[in-house]
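# Inside the fold
Each chain, letter by letter, is given below.
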Amino acid sequence: MTEEYEDDEVVKKIMHIIRRAPHGTIYSYEALETVLIMAAYDQDVSMAFIDDGVYTLKKDQDTSELEIKGYMKTFTALDDYDVEKLYVDRQSLEERGLTEDDLIVEVEVLDSAAIGKLMGEQDTIIPN
Amino acid sequence: MKIGVQIKDGPYNHQAADTAYQFIKAARKKGHEVFAVFLYHDGVYNITKYSEPPNDDRHIANRWSELGAEGVTIYACIAAAKRRGITNSKDGEQHIMPNTEITGLGQLTDMAIVADRLVTFGD
Amino acid sequence: MLHMINQSPFRAPSIETAMRFIQAADVVLLTEDGVYGAQSSQKYADLIKNTMANNEVYVLGPDVKARGLEGKLLDGIKTVDYEGFVDLVEKHNVNTWL
């Protein structure tokens, strides 16, 4: 599962699983910080959004009146950090009355079996 | 095998710190190398020096300090720690348990790279 | 893969969700409040029963005992102690469902 690059740098497949809604708790925010660091270490980082985790990608979030720092813009910047593997669980999305058009970034919507298979291919899974 | 552990919730508040500790004890007993513990979110409270549980309760901060002395590196995330007032040293005084460290998220990345298993405990 | 779940099914959808992602040869370990999901005759018992048709399901014994559930578990559930937990981690990569 671990890819060896020419310069012998070890690249591990690390999947972050986001299952919490934003703002109510800090988990998804601090998860995003971890993702950015791991991407800076040139690891093969992916994210899977499941259950309430899909709410973190909702468009039009505005936390200004909460006086909590919003982090939605960071999602749109993930591409710049080469974090391009964003998987969304189709059932979680549908259960919440959302579609891909409601999301702030481009994602791959997959069924749970496909995401389960990807989980099996990881070196490490980081739950959030 | 090389095992890294991550704890994402606070001691006493959640069982995570207890389950992680029992897991680490058993893994070491079985001859595995638990090389590091990374404390994130409220997990950083695990290493405050000022924890004073009642005498008949377990002392979680001491457990981590003892494991630290035995070669299991105990790290708390600096960003999470700073937000919560957990600081290494200020005014020349040490504010976290002996044999524990405050470090960056890069350390968790290194753990993920080096470990055969990274096991997370939390809420 | 070892799916480790520590939430009561009455409190969070962790067990229900994890069971959608489970693959052949994966195993389940219920810990902490997750062990309530392994009790027989409760609302979510079928979740675990259906999983056991294809995958092994373990509970962490000390958590079962702490919650007064000894002798109350679904038939076919396997109980491990902390060392048995370590053995499962040695055998499988871990996916914790918090």
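Before reading further, recall that the structure is shown in the block above.
A brief structural summary. (Residues numbered from 1 in each chain as written. Chains lettered and ligands numbered in written order. Predicted model: local features only at pLDDT ≥ 70, side-chain atom pairs only at ≥ 80, totals over all residues. Heavy atoms only, no water.)

### Description of the overall build of chain B
The test is simple: Each helix is a run of H or I in the DSSP string that is no shorter than four residues. Each strand is a run of E no shorter than two, and both are numbered from the N terminus. The atom set for the radius of gyration is the C-alpha atoms, and the globule formula is 2.2 Å times the number of residues raised to the power 0.38. Buried residues are those whose accessible area, probed at 1.4 Å on protein chains only, stays under 20% of the maximum for their type, while exposed residues exceed 50% and partly exposed ones sit between those limits. Contacts are assigned to residue pairs with any non-hydrogen atoms lying within 4.5 Å of each other. Accessibility throughout is a Shrake-Rupley quantity obtained with a 1.4 Å probe, and a residue counts as covered only by protein chains that appear here.
A count of helical and extended segments in chain B gives 4 helices and 7 strands. In sequence order, chain B lays out its α and β elements as β-α-β-α-β-α-β-β-β-α-β. Computed over the C-alpha atoms, the radius of gyration of chain B is 13 Å, within 12% of the 14 Å expected from 2.2 N^0.38 for a compact globule of 123 residues. For chain B, buried positions account for 59% of its 123 residues. If you take every contact in chain B between residues at least 6 apart in sequence, the share linking residues at least 24 apart comes to 82%. Surface exposure of chain B reaches about 5,000 Å², of which carbon and sulfur atoms provide 42%.

### Observations concerning the interface of chain B and chain A
Worth spelling out the cut-off: Computed with a 1.4 Å rolling probe, the buried area is the accessible surface lost when two parts are put together, summed over both parts. We define a salt bridge as a side-chain nitrogen of Lys or Arg found within 4 Å of a carboxyl oxygen belonging to Asp or Glu. We define a polar contact as two N or O atoms separated by no more than 3.5 Å, with the added condition that, inside protein, one atom must be a possible hydrogen donor and the other a possible acceptor, whereas residues neighbouring each other in sequence contribute only through side-chain atom pairs. Each residue gets one of three labels, nonpolar for Ala, Val, Leu, Ile, Met, Phe, Trp, Tyr, Cys and Pro, charged for Asp, Glu, Lys and Arg, and polar for the others, Gly among them.
Counting from both sides, the interface comprises 20 residues of chain B and, opposite them, 18 residues of chain A. The contact between chain B and chain A buries some 1,700 Å² in all, and 53% of this surface belongs to carbon and sulfur atoms. When the area that chain B buries against chain A is broken down by residue, the three leading residues are B:R83, B:T109 and B:I113, summing to 29%. At the surface where chain B touches chain A, the tally comes to 3 salt bridges. One salt bridge connects A:E30 with B:R83, and the closest N-O pair in it is separated by 2.7 Å. Inspection of the region where chain B meets chain A yields 12 residue pairs in polar contact (both at pLDDT 80 or more). The greatest single-element share of the side of chain B that touches chain A, amounting to 7 residues, is contributed by helix 4 (residues 105-114) of chain B. In terms of residue class, the side of chain B that touches chain A is built from 9 nonpolar, 5 polar and 6 charged.

### Overview of the packing of helix 1 (residues 27-40) of chain A against helix 4 of chain B
Our working rule: Here an angle of 0 to 180 degrees is reported between the N-to-C directions of two axes, which are lines fitted to C-alpha atoms, with helices fitted over the stretch in contact. Roughly parallel refers to an angle under 35 degrees, roughly antiparallel to one over 145, roughly perpendicular to one between 65 and 115, and oblique to any angle outside these ranges. Here a crossing is called left-handed whenever its near helix is offset anticlockwise from the far helix by less than a right angle, and right-handed whenever the offset is clockwise.
Packing of helix 1 of chain A against helix 4 of chain B leaves a shortest axis separation of 9 Å and a crossing angle of 65°. One element, helix 1 of chain A, and the other, helix 4 of chain B, form an angle in the roughly perpendicular class. The hand of the helix 1 of chain A/helix 4 of chain B crossing is right-handed. Residues A:E33, A:T34, A:I37 and A:M38 of helix 1 of chain A form the contact with helix 4 of chain B, whose participating residues are B:L105, B:G106, B:L108, B:T109 and B:A112. Partitioning the contact of helix 1 of chain A with helix 4 of chain B into residue classes produces 5 nonpolar, 3 polar and 1 charged.

### What to know about the sheet that holds strand 7 (residues 117-121) of chain B
Residue and element names in this part refer to chain B. The test is simple: Only when DSSP finds a minimum of two bridges between them are two strands counted as paired.
Read from one edge to the other, the open sheet built from 5 strands follows the order 6-3-2-1-7, with strand pairing classed as parallel. This sheet does not close on itself; its edge strands, each paired only once, are strand 6 (100-103) and strand 7. The mean inter-strand angle of the sheet, taken between neighbouring strand axes irrespective of direction, is 25°. Pairing geometry for strand 2 (residues 33-39) and strand 3 (residues 73-77), over 4 bridges, is parallel. If you follow A36 over to strand 3, its bridge partner there is T73. Most of the contacts of helix 1 (residues 16-29) go to strand 1 (residues 2-7), to which it runs at about 170°, and overall it touches strand 1, strand 2 and strand 7.

### Some details on the pattern of salt bridges
Oppositely charged side chains may form a pair once their charged atoms are brought near each other. All names here are of chain B. For the structure on display, the rule yields 22 salt bridges over all chains. The salt bridge involving R28 is made with E70; its shortest N-O contact spans 2.6 Å. With a gap of 42 residues between them, R28 in helix 1 and E70 in the loop between helix 2 (60-69) and strand 3 connect regions that are remote in the sequence. Owing to a relative accessible area of 28%, R28 belongs among the partly exposed residues under this scheme.

### Notes on the packing of helix 1 of chain B against helix 2 of chain B
All names here are of chain B. Interaxial distance between helix 1 and helix 2 falls to 11 Å at its minimum, and their mutual angle equals 30°. Between helix 1 and helix 2, the crossing angle belongs to the class labelled roughly parallel. Between helix 1 and helix 2 lies a crossing of left-handed hand. Within the contact between the two elements, helix 1 uses A17, D18, A20, Y21, Q22, I24 and R28 and helix 2 uses I60, R63, W64 and L67. Split into classes, the residues belonging to the contact of helix 1 with helix 2 amount to 7 nonpolar, 1 polar and 3 charged.

### Quick word on helix 4 (residues 112-120) of chain A
Three- or four-residue spacings in an α-helix give side chains the same orientation, since the helix completes a turn every 3.6 residues. The cut-off we apply is this: Taken from the helix axis, the directions to the C-beta atoms give the arc we talk about.
When helix 4 of chain A is considered as a whole, its buried residues turn out to be A:S112, A:I115, A:G116, A:L118 and A:M119. End-on view of helix 4 of chain A: buried residues confined to an arc of 160°, all on one side of the axis.

### Things to note about the pairing of strand 5 (residues 94-97) of chain C
Residue and element names in this part refer to chain C. Side chains of strand 5 alternate between two faces, with V94 and T96 and N95 and W97 buried alike. The pairing of strand 1 (residues 2-5) with strand 5 spans 4 bridges and is classified as parallel. Its bridge partner lying in strand 5, I5 is registered against W97.

### Looking at the sheet that holds strand 6 (residues 108-110) of chain A
In sheet architecture, strand pairing relies on hydrogen bonds along the backbone and comes in two forms, parallel and antiparallel. Residues and elements named next belong to chain A. If you walk across this open sheet you meet the 5 strands as 6-5-4-3-7, and the pairing is parallel. The sheet is open, and its two borders are formed by strand 6 and strand 7 (124-127), each paired with just one other strand. Direction aside, neighbouring strands of the sheet carry axes that sit 25° apart on average. Alignment of strand 4 (residues 44-49) against strand 5 (residues 85-89), held across 4 bridges, turns out to be parallel.

### Let's talk about the packing of aromatic side chains
Put simply, the rule is: Here is the rule: rings of Phe, Tyr and Trp (six-membered ring for Trp) pair when centre to centre is within 6.5 Å. Planes less than 30 degrees apart are stacked, more than 60 are edge-to-face, and the remainder are tilted. A positively charged side chain is recorded as over a ring if its NZ (Lys) or CZ (Arg) lies within 6 Å of the ring centre. The angle to the ring normal must also be within 35 degrees.
In the structure shown here, the tally under the stated rule is 10 aromatic pairs over all chains. Ring centres of B:F23 and B:F121 lie 5.7 Å apart, and the angle between their planes is 50°; this geometry places the pair in the tilted category. Of this pair, B:F23 sits in helix 1 while B:F121 sits in strand 7, and the two are 98 residues apart along the sequence. Look at C:F10 and C:Y44: their rings are 4.9 Å apart centre to centre, the planes differ by 80°, and that puts the pair in the edge-to-face class. One end of the pair, C:F10, is in the loop between strand 1 and helix 1 (14-21); the other, C:Y44, is in the loop between strand 2 (27-30) and helix 2 (45-52), and 34 residues separate them in sequence. Three or more aromatic residues joined by ring pairs make a cluster, and in this case those are A:Y29, A:F49, A:Y71 and A:F75. Here A:R20 stacks its cationic end above the ring of A:Y27, 4.0 Å away from the centre of that ring.

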